[in-house]
Amino acid sequence: MEGITSEAFILGCSAIGAGLAAIAGIGPGIGQGYAAGKAAEGVGRQPEAQGDIIRTMILGQAVAETTGIYGLVIAIILLFVRPLMGAL
Amino acid sequence: MSLVGNTQYKVTKRVVIFALLIIGILFLFFPNPKTYVNGLIFGTIINLLNFRLMSLTIKKSVKMPQSKIMPYIIANYFARYIIYGIVLGIAAVADYISLTTTILGVFMVKIIILSDTFYDIILRSSKNRKKSKEGR
């Protein structure tokens, strides 16, 4: 049985790393769902504060969403830019 | 304009101004800034459109029954996540778009929202300084 080349090994490990990094995108989605559920509860309890609640939630969720994109950026860099290939 | 619409307008306006400022800096300091500018415009536009999509999703979700909110929000979040993935993939593959500035453009709304707090603190402290000078 032939051994694998260093390039193939690095490419394979990069793909595994990209997959692991993309998992980071799951967390913010679940968090956003919880936040929206609690906001709906708040609006139901105090309908006059709807504008304030939605405004705060939009700003909070815009910031929370970017934490998932960090993982996506790492995955894209590992897959397309292949920075580890330069180490060979 | 409503409170939510006003906030959206304020954030969008600041993002556009900040992006134009960065484009100006790119034109000043880089000999051939076209790829960087393309990337920044591409990332910023997608980020603003996703911000708008998110606010529409949230406005709709608040009026939904409790059991349907979480799946709806998560589905919409993954739709936006896939859009970001496609955008970053295109920026990585295409040689006429810079990946670095596309990433900067994608984070533009976050930068503006976080810097808004510091901007307000600086504005408030400068107003207080003016008031204390007038008081003397």
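Keep in mind that what you see is a predicted model, and the values were worked out from it rather than measured. (Residues numbered from 1 in each chain as written. Chains lettered and ligands numbered in written order. Predicted model: local features only at pLDDT ≥ 70, side-chain atom pairs only at ≥ 80, totals over all residues. Heavy atoms only, no water.)

Student: Where do I start with the overall build of chain A in this structure?
Tutor: Broken down by element type, chain A carries three helices and zero strands. In terms of overall dimensions, chain A has a C-alpha envelope of 70 × 25 × 10 Å along the principal axes. Here chain A holds 88 residues, and the buried ones make up 35% of them. By sequence separation, contacts in chain A at least 24 residues apart represent 77% of the contacts at least 6 residues apart. Split by element, the accessible area of chain A, about 4900 Å² in all, is 67% carbon and sulfur. Charged side chains of chain A number 4 positive and 6 negative; the gap between the two group centres comes to 9 Å. (Helix = DSSP H or I, 4+ residues; strand = E, 2+ residues; numbered from the N terminus. Buried < 20%, exposed > 50% of the residue type's maximum accessible area, 1.4 Å probe, protein only. Contact = heavy atoms within 4.5 Å. Areas by Shrake-Rupley, 256 points an atom, 1.4 Å probe, with all protein chains shown as cover. Lys, Arg positive; Asp, Glu negative; His and termini not counted. Charge placed at Lys NZ, Arg CZ, Asp CG, Glu CD.)

Student: Is there a simple way to explain the nonpolar core in this structure?
Tutor: For soluble globular proteins, the rule of thumb is that nonpolar side chains tend to be buried together. Formed by 28 residues in total, the largest nonpolar core has its most connected members in Ile58(A), Val15(B), Phe51(B) and Val109(B). Of all the secondary-structure elements, those providing two or more residues to this core are helix 2 (26-45) and helix 3 (50-81) of chain A together with helix 1 (3-29), helix 2 (34-62), helix 3 (66-93) and helix 5 (108-135) of chain B. The contact partners of Val109(B), leaving out residues within four places of it in the chain, are Ala62(A), Val11(B), Val15(B), Asn47(B), Leu48(B) and Phe51(B). Judged by nonpolar contacts, the second largest core, of 17 residues, contains Ile76(A), Tyr84(B), Ala91(B) and Val106(B). (Core = buried A, V, L, I, M, F, W, Y, C linked by side-chain atoms within 4.5 Å.)

Student: Explain helix 2 of chain A to me, please; I cannot follow it from the model alone.
Tutor: Owing to its 3.6 residues per turn, the α-helix aligns residues three or four sequence positions apart on the same side. For helix 2 of chain A, built from 20 residues, the straight-helix expectation of 28 Å at 1.5 Å per residue is met to within 8% by its first-to-last C-alpha distance of 29 Å. Residues of helix 2 of chain A that are buried: Pro28(A), Gly29(A), Gln32(A), Gly33(A), Ala36(A), Gly37(A), Ala39(A), Ala40(A), Gly42(A) and Val43(A). Taken together, the buried residues of helix 2 of chain A touch helix 3 of chain A together with helix 2 and helix 3 of chain B. (Expected span 1.5 Å × (residues − 1).)

Student: Any chance you could explain the packing of aromatic side chains here in plain terms?
Tutor: Geometry of an aromatic ring pair is reported as the spacing of the ring centres plus the angle between the planes. All names here are of chain B. Counted under the stated rule, the structure contains five aromatic pairs over all chains. Where Tyr77 meets Phe78, the ring centres are 5.2 Å apart and the plane angle is 70 degrees; that geometry is what we call edge-to-face. Here Tyr77 falls in the buried class, since its relative accessible area comes to 1%. Ring pairing ties together the aromatic residues Tyr77, Phe78 and Tyr81, which thus form one cluster. (Phe/Tyr/Trp six-rings, centres within 6.5 Å; stacked < 30°, edge-to-face > 60°.)

Student: Looking at this structure, I do not really get the confidence of the model for chain A. What am I missing?
Tutor: A low pLDDT means the predicted coordinates there should not be read in detail. For chain A, mean pLDDT is 90; residues scoring 70 or higher make up 99% of the total. Helix 1 (residues 6-22) of chain A holds the highest mean pLDDT among the elements of chain A, 92, whereas helix 2 of chain A holds the lowest, 90. (pLDDT = per-residue confidence, 0-100.)

Student: Is there a simple way to think about the interface of chain A and chain B in this case?
Tutor: The extent of an interface is frequently quoted as the accessible surface area lost upon association of the parts. Counting residues at the interface gives 36 residues for chain A, matched by 35 residues for chain B. In this assembly, chain A packs against chain B so that about 3200 Å² is buried in total across both faces, 80% of it on carbon and sulfur atoms. Of all residues in chain A, the largest losses of buried area upon contact with chain B belong to Ile58(A), Glu65(A) and Leu72(A), amounting jointly to 17% of the total for that side. Viewed at the interface, chain B and chain A are joined by one salt bridge. Here Arg80(B) makes a salt bridge to Glu65(A), at a shortest N to O gap of 2.4 Å. The set of elements that each furnish at least two residues to the side of chain A that touches chain B consists of helix 2 and helix 3 of chain A. If you tally residues by element for the side of chain A that touches chain B, the top one is helix 3 of chain A, at 22 residues. Residues belonging to the side of chain A that touches chain B are distributed by class as follows: 22 nonpolar, 10 polar and four charged. (Buried area = accessible area lost by both parts, 1.4 Å probe. Salt bridge = Lys/Arg side-chain N within 4 Å of Asp/Glu carboxyl O. Nonpolar A, V, L, I, M, F, W, Y, C, P; charged D, E, K, R; others polar.)

Student: Hey, could you run me through a nonpolar patch on the surface in this one?
Tutor: Residue and element names in this part refer to chain A. A surface patch of nonpolar side chains, amounting to about 610 Å² of accessible area, comprises Ile16, Leu20, Ile23, Ile26, Ile30 and Tyr34. Within the residue set of the nonpolar patch, elements represented by two or more residues are helix 1 and helix 2. Examining the composition of the nonpolar patch, we find that three residues originate from one element, helix 2, more than from any other. With respect to the element layout, Ile23 can be found in the loop between helix 1 and helix 2. (Patch = residues over 30% accessible without salt bridge, like charges linked within 9 Å, V, L, I, M, F, W, Y side chains within 5 Å.)

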